[in-house]
Amino acid sequence: MEKTINIKVKVWRQAGPKAKGHFETFELNNISTDSSFLEMIDVLNEKLISERREPIAFDHDCREGICGMCSLYINGHPHGPDDEITTCQLHMRKFKDGETITIEPWRSAAFPVIKDLMVDRRAFDKIIQAGGFISVNTGGVPDANAIPIPKKNADLAMDAASCIGCGACVAACKNGSAMLFVSAKVSQLALLPQGQVEAARRAKAMVAKMDELGFGNCTNTGACAAECPKGVKLSNIARLNREYLCAKLKD
Amino acid sequence: MAKKQNIIDEAKEAIQKAAETVTETVKDVVEDEKTQKIVKQVKQTAEKVADKVQEIIDAPETKEAADALKDAAGKVADAVKAAVSGKSEKIITPKDAKIPEGPLAEKWTNYKAHQKLVNPANKRRLDIIVVGTGLAGASAAASLAEMGFNVLNFCIQDSPRRAHSIAAQGGINAAKNYQNDGDSVYRLFYDTIKGGDYRAREANVYRLAEVSNNIIDQCVAQGVPFARDYGGLLDNRSFGGAQVSRTFYAKGQTGQQLLLGAYSALSRQIGKGTVKMYSRYEMLDVVVIEGRARGIIARNLVTGRIERFFGHAVVIGTGGYGNTFFLSTNAMASNGSVAMQIYRKGAYFANPAYAQIHPTCIPVHGDFQSKLTLMSESLRNDGRIWVPKKLEDAKALQAGKLKGRDIPEEDRDYYLERRYPAFGNLVPRDVASRAAKERCDAGYGVNSTGLAVFLDFSDAIKRLGKDVVAAKYGNLFQMYEKIVDENPYEDPMMIFPAIHYTMGGIWVDYELQTSIKGLFCIGEANFSDHGANRLGASALMQGLADGYFVLPYTIQNYLSDQITVPRMSTDLKEFADAEKAVEAKISKLMGIQGKRSVDSIHRELGLVMWDFVGMGRTAEGLKTALVKIKEIKKEFWSNVYIPGTAEGLNVELEKALRLADFIEIGELMARDALNREESCGGHFREEYQTPEGEALRQDDKFSYVSCWKYQGEDQEPELIKEPLDYEFVQRQTRNYKA
């Protein structure tokens, strides 16, 4: 049965990339515990609009946990307190009546704030552009069943490929490292015969781009994998290190 | 006697004239059925006149005879008039649609063999704008750039990887026949035509089935981790509307993996500099110069700046318009605005009424609801759909006094298995949705609102074990549990139909070109391949077919004579005018300063659409919808409130611009649904059903594509018909019972 709670939300407000930000606190009553976290923000925004104030800017799109657009650092956790889900799948039943909920944007040098809770994650696209692909043009490829791939490898590749590129790993990392993101793509492609041809080049190019864009170094704290909404595993970072090392040794 | 002769002469002359007019009138009218009928009618009337004249010669001169003659002459005039108006009813012929000659299986091969190409040196001199980065947009942008064209690619999200294709769960169809279960290109073609309730174009669908196999090869080469068997070869499952297993999948995230494949190909080209990517940009108009699309006007969503872009050709891949209903499975930013922009510039909007209502979505649970979540159709492979047999059980479920698992097997009504023994739980989506509505309307709904049915896995868990079920559907079960807070391994899922996909869209010819030269439309945004109902796992197939394997060919046929056209300046008057119109619209919206938020008006529109233009439509309901939508339009344009300014990021302004178009689409959908006096696929008119409640097509009257042509603000659009003459497939009543 539907329950409602009264909450306070403490939200980061920032007018633009260069503006100084601050927290603003709002009271919200009768929030249904069946509503999603983003629906709670919708309610808040409707309230702000009715008071002729500017609504809170935040990124979101599919609202079913797959596009990677929603972000939000909630009570100190990327995508909030629940495990293995994105903010859009988080529901208000995870919060208590009377609770104050703190909402911040991703905090990372490589992800500058655009407005309020919205950040610029184009750095991730640039890393993929540096090598996160297999160099095949459209057409002229072999039959899909021409190369059998062991089920185990295909499954591991699929697990790595589950990454939604949301940036929670970077937000969770005290160093602001993108290693989990990079390793997920490198692992996916290195595990498949199709991707092995240019595996060395890929690992080097993507790591170099990551360093260039201002992401931090990895110190193996594991915060990234703990907060990843898709459960991308730390073992991918180990695989990336192996791939990278082998590539460097070949130079 | 002389008088008699005069009458005869006059009559002869009249007949002569009438005959001439008829000949003149029908001279260049195509040989469609209706015109033929009229011509026949005119001829018959003329013969009658001749008979009358004959009578006059034989009979004494009487006033009656003269009157009869006049009467007959009048009939000739009417018939001629009818013939003239028959001519003004425009028809799109297969020739207009550029459908190649020849047997079905050879059309695409013949087309490719004879089409014009652009040589590599000239490709570099041509700019192509691609709007959208979903499966269709990203695959097209990447493929065109690989070939050597300069591509400008736009998306509204922060990254091209976010497009809503990413949310497709279940899979992608292809006629590989890896399972050796009797699949073939023809069978995939036939299933798609039949699934679409015989309202799709044969030639396009056949081509789609033909290239389906290339898509799987391409994706595997890109590193898409499709599910595999222990032998290392690709696995398949089956989907609604098919009796073979032809669906390739990557867990419940097939759309994500295919999109990331296309995104990686696109990223490779961006890295090479052959694609210039514009993310967080929203197209606001197309620029047409001397009848050809030559660019777009777009708003930088971060700075608010309106910018102009030139392209030798423009490709639209901006998806469907399901969000007209406010609540749908579409992403929050999915919209139909680009379709409406190009519609207003002259592109035909085809079959707007064909919207797909997906049977397996998580039911609505509150007024705050912002969107609906789909549970993949693949669940129907192992899940069984049921409601209680007894009304008192349904009442107890609605009151929360019983749980699904409390109801004994013999008191369950597996209504899909009961009604459709041959296809059972795997009937096509429209059939499954209507069957759920029928049970809920009869009072057998199973949740507190009475608007849900069960999707039960207890048999599958018994048969396969929990682990196997978890391996197949684990992520979907997890998603369900997070949203609903119930464990689907123990209690059956509750599901209800929701708006999911729009088969209708911008009209395109065989080359995927719209009725505006140089303007192409691909993926869900066009109307072409799914007829009145799309089969599961066919959207991904069509998006990628268009982007990888069709458009990169056909667009060259257009561009081959554009190689001498220099890049145009965006200072041209046409660009300036288009920009000015966009700015005027934005300042008008900002200036309203009313009392209502965009979402509150959008919700209102959504309710009208769901109630009157949803699963069951009636003439009366659709007329009501048209009145109500007009009222909503008035309310929107006089009472909406958009905070902030047009400069800089303003999400409410973005939403308002989209809602302005959703209102117009809603009207067009209702108008089209009202015109189509039959039930077919996703379009169900309650007046047209069999005694068993199945859809009843009216092939003699409505076997055509409805193409709507814009006639100006608040003017009724003109209806142009593209008759669907089935050359290769025999039209039948869809039967999923036996």
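Reading the values: the criteria
- Residues numbered from 1 in each chain as written.
- Chains lettered and ligands numbered in written order.
- Predicted model: local features only at pLDDT ≥ 70, side-chain atom pairs only at ≥ 80, totals over all residues.
- Heavy atoms only, no water.
- Helix = DSSP H or I, 4+ residues; strand = E, 2+ residues; numbered from the N terminus.
- Contact = heavy atoms within 4.5 Å.
- Areas by Shrake-Rupley, 256 points an atom, 1.4 Å probe, with all protein chains shown as cover.
- Lys, Arg positive; Asp, Glu negative; His and termini not counted.
- Charge placed at Lys NZ, Arg CZ, Asp CG, Glu CD.
- Buried < 20%, exposed > 50% of the residue type's maximum accessible area, 1.4 Å probe, protein only.
- Core = buried A, V, L, I, M, F, W, Y, C linked by side-chain atoms within 4.5 Å.
- Pairing = 2+ DSSP bridges.
- Axes fitted to C-alpha atoms, helices over the stretch in contact; angles between N-to-C directions.
- Buried area = accessible area lost by both parts, 1.4 Å probe.
- Salt bridge = Lys/Arg side-chain N within 4 Å of Asp/Glu carboxyl O.
- Polar contact = N/O pair within 3.5 Å; in protein donor to acceptor, adjacent residues only side chain to side chain.
- Arc of directions from axis to C-beta.
- Domains from an automatic or database assignment.
- Parallel < 35°, antiparallel > 145°, perpendicular 65-115°, else oblique.
- Nonpolar A, V, L, I, M, F, W, Y, C, P; charged D, E, K, R; others polar.
- Phe/Tyr/Trp six-rings, centres within 6.5 Å; stacked < 30°, edge-to-face > 60°.
- Lys NZ or Arg CZ within 6 Å of the ring centre and 35° of its normal.
- Right-handed = clockwise from strand over helix to strand, strands pointing away.

A. Main features of the overall build of chain A. For chain A, the count of helices and strands is nine helices and seven strands. Taking all contacts inside chain A whose residues are at least 6 apart in sequence as the whole, residues at least 24 apart take part in 70%. About 10000 Å² of surface is accessible on chain A, with carbon and sulfur atoms providing 51% of the total. Between the averaged position of the 32 positive side-chain charges in chain A and that of its 30 negative side-chain charges there is a distance of 6 Å.

B. Spotlight on the overall build of chain B. Each helix and strand in chain B was counted, giving 21 helices and 19 strands. For chain B, the proportion of its 738 residues judged to be buried stands at 63%. Only carbon and sulfur atoms are counted for the fraction: they give 50% of the accessible area of chain B, which is about 27500 Å².

C. Representation of the nonpolar core in the model. Among the nonpolar cores identified, the biggest contains 197 residues, and F215 of chain A together with F154, I172 and F226 of chain B are the most heavily contacted of them. Considering each element in turn, this core owes the most residues, twelve residues, to helix α20 (residues 651-675) of chain B. When neighbours within four sequence positions are excluded, F226 of chain B is seen to be in contact with A154 of chain A together with I172, I216, C219, V220, L234, F248, Y249, A250, T254 and L258 of chain B. Ranked by size, the runner-up nonpolar core spans 41 residues in total, among them L379, V427, C440 and Y736 of chain B.

D. Up close: the sheet that holds strand β16 (residues 505-506) of chain B. Residue and element names in this part refer to chain B. Strand order in the open sheet made by the four strands is β16-β10-β18-β19, with antiparallel pairing throughout. Edge positions in the open sheet fall to β16 and β19 (718-723), since each of these has one partner strand only. Those strands touched by α20 are β10 (349-350), β18 (704-709) and β19, and its axis lies near 140 degrees from that of β18.

E. Structural view of the interface of chain B and chain A. Counting from both sides, the interface comprises 77 residues of chain B and, opposite them, 73 residues of chain A. Counting each side, the surface lost to burial between chain B and chain A is near 6200 Å², with a carbon and sulfur contribution of 53%. Contact with chain A buries area across many residues of chain B, yet R162, F368 and K482 of chain B alone supply 11% of it, more than any other trio. Taken together, the connections running from chain B to chain A amount to seven salt bridges. The salt bridge involving D159 of chain A is made with K251 of chain B; its shortest N-O contact spans 3.1 Å. Here chain B is connected to chain A by 46 residue pairs in polar contact (both at pLDDT 80 or more). Those elements that place two or more of their residues in the side of chain B that touches chain A are α6 (135-147), α8 (202-222), α9 (254-272), α15 (466-484), α16 (539-559), α18 (598-612) and α20 of chain B. Here the element with the most residues in the side of chain B that touches chain A is α9 of chain B; it accounts for nine residues.

F. Up close: helix α3 (residues 151-161) of chain A. Looking at α3 of chain A, one finds that the buried residues are A154, A157, M158, A160 and A161 of chain A. Projection of α3 of chain A onto a plane perpendicular to its axis shows the buried side chains occupying an angular sector of 165 degrees, all on one side. Of the surrounding secondary structure, the elements contacted by the buried residues of α3 of chain A are α5 (179-190) and α9 (235-250) of chain A together with α9 of chain B.

G. Spatial organisation of the pattern of salt bridges. Inspection of every chain in the model, using the stated rule, returns 81 salt bridges over all chains. R122 of chain A serves as the salt-bridge partner of D120 of chain A, at 2.9 Å between the closest nitrogen and oxygen. With a closest N to O distance of 2.8 Å, R201 of chain A and E198 of chain A form a salt bridge. Under the relative-accessibility criterion, E198 of chain A is labelled buried at 13%. What emerges from the salt-bridge pattern is a single network uniting D197, R199, D430, R434, R676, E678, R697, D699, R731 and R734 of chain B.

H. Main features of the domain arrangement of chain A. Residue and element names in this part refer to chain A. Once the domains are mapped, chain A shows domain 1 (4-114) and domain 2 (121-250). Each of domain 1 and domain 2 was reduced to a C-alpha centroid, and the two centroids are 29 Å apart. Across the boundary between the two partners, domain 1 contributes 22 residues, which contact 19 residues of domain 2. Carbon and sulfur atoms supply 57% of the area buried between domain 1 and domain 2, which totals about 1500 Å² over both sides. In terms of surface lost to domain 2, no three residues of domain 1 exceed P78, A110 and F111, which account for 33% of the buried area on that side. On the surface where domain 1 and domain 2 come into contact, there are one salt bridge. Linking D59 and R121 is a salt bridge whose minimum nitrogen-to-oxygen distance equals 3.7 Å. Inspection of the region where domain 1 meets domain 2 yields five residue pairs in polar contact (both at pLDDT 80 or more).

I. Quick look at the packing of α8 of chain B against α16 of chain B. Residue and element names in this part refer to chain B. Two elements in contact, α8 and α16, have axes whose closest approach is 9 Å; the angle formed by their N-to-C orientations is 100 degrees. Taken together, the axes of α8 and α16 lie roughly perpendicular to each other. Residue-level contacts link R207, L208, V211, S212, N214, I215, Q218, C219 and Q222 of α8 to M541, Q542, L544, A545, Y548, F549, V550 and T554 of α16. By residue class, the composition of the contact of α8 with α16 is ten nonpolar, six polar and one charged.

J. Fine view of the sheet that holds strand β4 (residues 77-78) of chain A. All names here are of chain A. With respect to topology, five strands assemble into an open sheet ordered β2-β1-β5-β3-β4, the strand pairing being mixed. The open sheet terminates on both sides in strands that have one partner only, identified here as β2 (22-32) and β4. As judged from the nine bridges shared by strand β1 (residues 4-13) and β2, these two strands associate in the antiparallel manner. Bridge pairing links T4 to S32 in β2. Each of β1, β2, β3 (73-74) and β5 (100-104) is contacted by helix α1 (residues 37-50), which is oriented at about 105 degrees to β2, the strand it contacts most.

K. Quick look at the packing of aromatic side chains. Evaluation of the coordinates by the stated rule reveals 37 aromatic pairs over all chains. Centroid distance F37 of chain A to F95 of chain A: 5.6 Å. Interplanar angle 40 degrees. Geometry classified as tilted. Placement of F37 of chain A in helix α1 and of F95 of chain A in the loop between β4 and β5 is noted, with a sequence separation of 58 residues between them. Given a relative accessible area of 0%, F37 of chain A falls into the buried group. Given a relative accessible area of 6%, F95 of chain A falls into the buried group. Here the aromatic rings of Y111 of chain B and Y510 of chain B are separated by 5.8 Å at their centres, their planes lie at 70 degrees, and the arrangement is edge-to-face. With Y111 of chain B in helix α4 (residues 107-114) and Y510 of chain B in the loop between β16 and β17 (519-521), this pair connects stretches of sequence that are 399 residues apart. Residue Y111 of chain B is classed as buried on the basis of its relative accessible area, which comes to 9%. Among the aromatic side chains, those forming a connected cluster through ring pairs are F111, F124, F181 and F215 of chain A. Note that R534 of chain B overlies the ring of Y501 of chain B, its terminal NZ or CZ placed 4.0 Å from the centroid.

L. Representation of the pairing of strand β2 (residues 150-155) of chain B in the model. Residues and elements named next belong to chain B. Counted residue by residue, β2 has five buried out of six residues, so it is predominantly covered. In terms of strand pairing, strand β1 (residues 127-131) meets β2 through five bridges, oriented parallel. The residue of β2 that forms the bridge with V130 is N153. Handedness of the crossover is the feature at issue here: the chain leaves β1, passes through α6, returns alongside β2, and the resulting connection is right-handed. Looking at chain direction, β2 and strand β5 (residues 275-279) are connected through five bridges and run parallel. Bridge pairing links F154 to Y278 in β5.

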